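Take a look at the letters that make up each chain.
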Amino acid sequence: MTKVELKPLTVSERLLEFALRIYWKFRPPVYGVLMGGPGAGKGTLAEGLAPDLEIAHTSTGNLLRREIAAGTAIGRFVAPIMAAGDFVPDEITLYLLARELRQWKNRHGAILDGFPRSLEQAELLQRLLSGWGSSLTAVILIAVPEADLIERIAGRRTCSNSDCGRSYHIKFQPPSKDGICDNCGSELIQRSDDNEVSILNRLAIYNEKTAPLVGFYDRSGLLHRVSSTNSGGKEDTLRQARAFFSTQRKKG
Ligand code: AMP
């Protein structure tokens, strides 16, 4: 149990959820999950996919960083955990995710980037969505060799505006203006957890806790694997992911 108080839903949030449940009966939301090691390009792929599918891009890492930037009790609690590259407790991540997905602006669904990261989280997600009468449409695994992941994270630069959070790479995807975000004009920074110690920890945790999810989603017929290397084109990754989503939607 964490020492951070997680607020129960207010009356207006309950009313909104009620309205959403009615809306979802007529227009079911679409939820997709992007999987892949740290630096695999989940954020970049989500930014390409989400506008296409007319759904939100929801990154739990960004939601957590927003709490840190706002100096909330949650932010103060999670900052050292994230800097070390460890997992934030499930109850906090799920709380922030559910609060985000329950927003009216996200009523059409979301591409989830960074959640779930373990079998327990996959079950929590299933329970959350089924409670809303919904379920996952597709899971995309971005398979990247480990050496490429390390090179990507080491050169990654991230928008300092936590409402934007767009990622760049000094070599593979530089911004048009050095050190400045193309999307919102804020300064680009190196994330505090993009250091060597944290990267190796995140990779080890990924292999231990997140990789088993591949089998879990594969068995349920939801998973599509796309390969991506530092020498390969990312347009192909986006094209494959789009095609898989559209096949899965037709099935649903
Ligand atoms: P990301 O932006 O996805 O690389 O996430 C950055 C950090 O946020 C991770 O290293 C974790 O510390 C934390 N985090 C994000 N999503 C989760 C999650 N689903 N479960 C636990 N911790 C998370």
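Because the structure is predicted, anything quoted here is derived from the model rather than measured.

Chemist: Is there a simple way to explain helix α4 (residues 73–84) in this structure?
Modeler: One turn of the α-helix equals 3.6 residues, which is why residues spaced by three or four share an orientation. For α4, the set of buried residues is Ile74, Gly75, Val78, Ile81 and Met82. Axial view of α4: buried residues confined to an arc of 135°, hence all on one face. Along α4, the residues that are exposed and aim more than 90 degrees away from the buried face are Arg76 and Pro80. Packed against the buried residues of α4 are α3 (60–70), α5 (90–101) and α8 (196–210). Trailing α4 by a residue or two, Gly85 shows a phi angle of about 85°, which is positive.

Chemist: For this particular structure, what's the right way to read α3?
Modeler: Taken together, the buried positions of α3 are Thr60, Gly61, Asn62, Leu63, Leu64 and Glu67. Looking at the buried positions of α3, the neighbouring elements they touch are β2 (56–59), α4, α5 and β3 (109–113). Taken from the residues just after α3, Gly71 is the one with a positive phi, measuring 70°.

Chemist: Looking at this structure, I do not really get the state of the cysteines. What am I missing?
Modeler: Between two cysteines, a covalent bond joining their sulfur atoms is known as a disulfide. Applying the stated rule across the entire model yields zero disulfides. We note that Cys159 lacks a disulfide partner, and the nearest cysteine sulfur, in Cys184, lies 3.5 Å from it. The class of Cys159 is buried, set by a relative accessible area of 5%. Just so you know, Cys164 is unpaired, no disulfide at all, and the nearest cysteine sulfur is the one on Cys181, 3.8 Å from it.

Chemist: Explanation requested: the site of the ligand in the structure shown.
Modeler: If you check the shell around the ligand, you find 15 residues, and the closest are Thr60, Asp86, Gly114, Arg117 and Gln121. In this structure, Gly114 approaches the ligand through a main-chain N or O atom, which is 2.8 Å from a nitrogen atom. A per-element tally of the shell around the ligand places α3 first, with four residues. Partitioned by chemical class, the residues of the shell around the ligand number five nonpolar, five polar and five charged.

Chemist: Looking at this model, I keep getting lost on the environment of Val144. Mind explaining?
Modeler: If you trace the backbone, Val144 turns up in the loop between β4 (136–143) and α7 (146–154). Filtering out sequence-adjacent residues up to four positions away, Val144 remains in contact with Ala40, Leu149, Arg152 and Ser228.

Chemist: How should the packing of α3 against α4 be read in this particular structure?
Modeler: Two numbers describe a pair of packed helices, the interaxial angle and the distance between the axes. Remark: α3 packs on α4, axes separated minimally by 7 Å, with the N-to-C direction vectors making an angle of 120°. Regarding the angle of α3 to α4, the classification is oblique. Relative to α4, the crossing made by α3 is left-handed. Along the contact surface, α3 presents Gly61, Leu64, Arg65, Glu67 and Ile68, while α4 presents Ile74, Gly75, Val78, Ala79 and Met82.

Chemist: Mind showing me how you'd approach the sheet that holds strand β8 (residues 223–227) here?
Modeler: Strand pairing in a sheet is mediated by backbone hydrogen bonds. Such pairs are either parallel or antiparallel. Pairing in this open sheet of five strands is parallel, and the strands run β2-β3-β1-β4-β8 from one edge to the other. Across the chains shown, the open sheet's two edge strands, defined by having one partner strand only, are β2 and β8. Sheet twist, expressed as the mean angle between neighbouring strand axes with direction ignored, is 20°. Relative to β4, strand β1 (residues 30–35) runs parallel, the two being bridged by five bridges. Paired with Met35 across the two strands is Leu141, which belongs to β4. Set on the sheet, helix α10 (residues 234–251) makes contact with β1, β3, β4 and β8; between it and β4 the angle comes to about 160°.

Chemist: I'm lost on the pairing of strand β5 (residues 156–159) in this one. Help?
Modeler: Two faces make up the sheet, and in a regular strand the side chains alternate between them. The pairing of β5 with strand β6 (residues 167–169) spans three bridges and is classified as antiparallel. Residue pairing across strands places Arg156 opposite His169, the latter belonging to β6. Sheet topology places β5 next to strand β7 (residues 188–189); two bridges connect them, and they run antiparallel. Bridge pairing links Cys159 to Leu188 in β7.

Chemist: What is the right way to look at the layout of surface pockets in this model?
Modeler: Space left empty within the atom packing is revealed by a probe, the size of a water molecule, rolled over the atoms. The calculated volume of the second largest pocket comes to roughly 410 Å³. Lining the second largest pocket are 17 residues; nearest its centre among them are Lys7, Pro8, Leu9, Tyr95 and Arg99. Of all the secondary-structure elements, those providing two or more residues to the lining of the second largest pocket are α4 and α5. Counting residues per element, the lining of the second largest pocket draws most heavily on α5, at five residues.

Chemist: Could you clarify how one ought to interpret the nonpolar core in this entry?
Modeler: Of all hydrophobic cores here, the largest spans 27 residues; its most connected members are Tyr31, Met35, Leu101, Leu125, Leu136, Val139 and Tyr217. Formed by 23 residues, the second largest nonpolar core is a distinct cluster that contains Ala46, Ala50, Ile55 and Ala241.

Here is what the cut-offs are and how they apply
- Residues numbered from 1 in each chain as written.
- Predicted model: local features only at pLDDT ≥ 70, side-chain atom pairs only at ≥ 80, totals over all residues.
- Heavy atoms only, no water.
- Buried < 20%, exposed > 50% of the residue type's maximum accessible area, 1.4 Å probe, protein only.
- Helix = DSSP H or I, 4+ residues; strand = E, 2+ residues; numbered from the N terminus.
- Arc of directions from axis to C-beta.
- Contact = heavy atoms within 4.5 Å.
- Disulfide = S-S within 2.5 Å.
- Near = heavy atom within 4 Å.
- Polar contact = N/O pair within 3.5 Å; in protein donor to acceptor, adjacent residues only side chain to side chain.
- Nonpolar A, V, L, I, M, F, W, Y, C, P; charged D, E, K, R; others polar.
- Axes fitted to C-alpha atoms, helices over the stretch in contact; angles between N-to-C directions.
- Parallel < 35°, antiparallel > 145°, perpendicular 65-115°, else oblique.
- Left-handed = near helix turned anticlockwise from the far one by under 90°.
- Pairing = 2+ DSSP bridges.
- 1 Å grid on protein atoms, 1.4 Å probe; cavity = no way out; pocket = protein on both sides within 12 Å on 5 of 7 lines; lining within 4 Å.
- Points joined across faces, edges and corners; volume = space filled by probe spheres on them.
- Core = buried A, V, L, I, M, F, W, Y, C linked by side-chain atoms within 4.5 Å.

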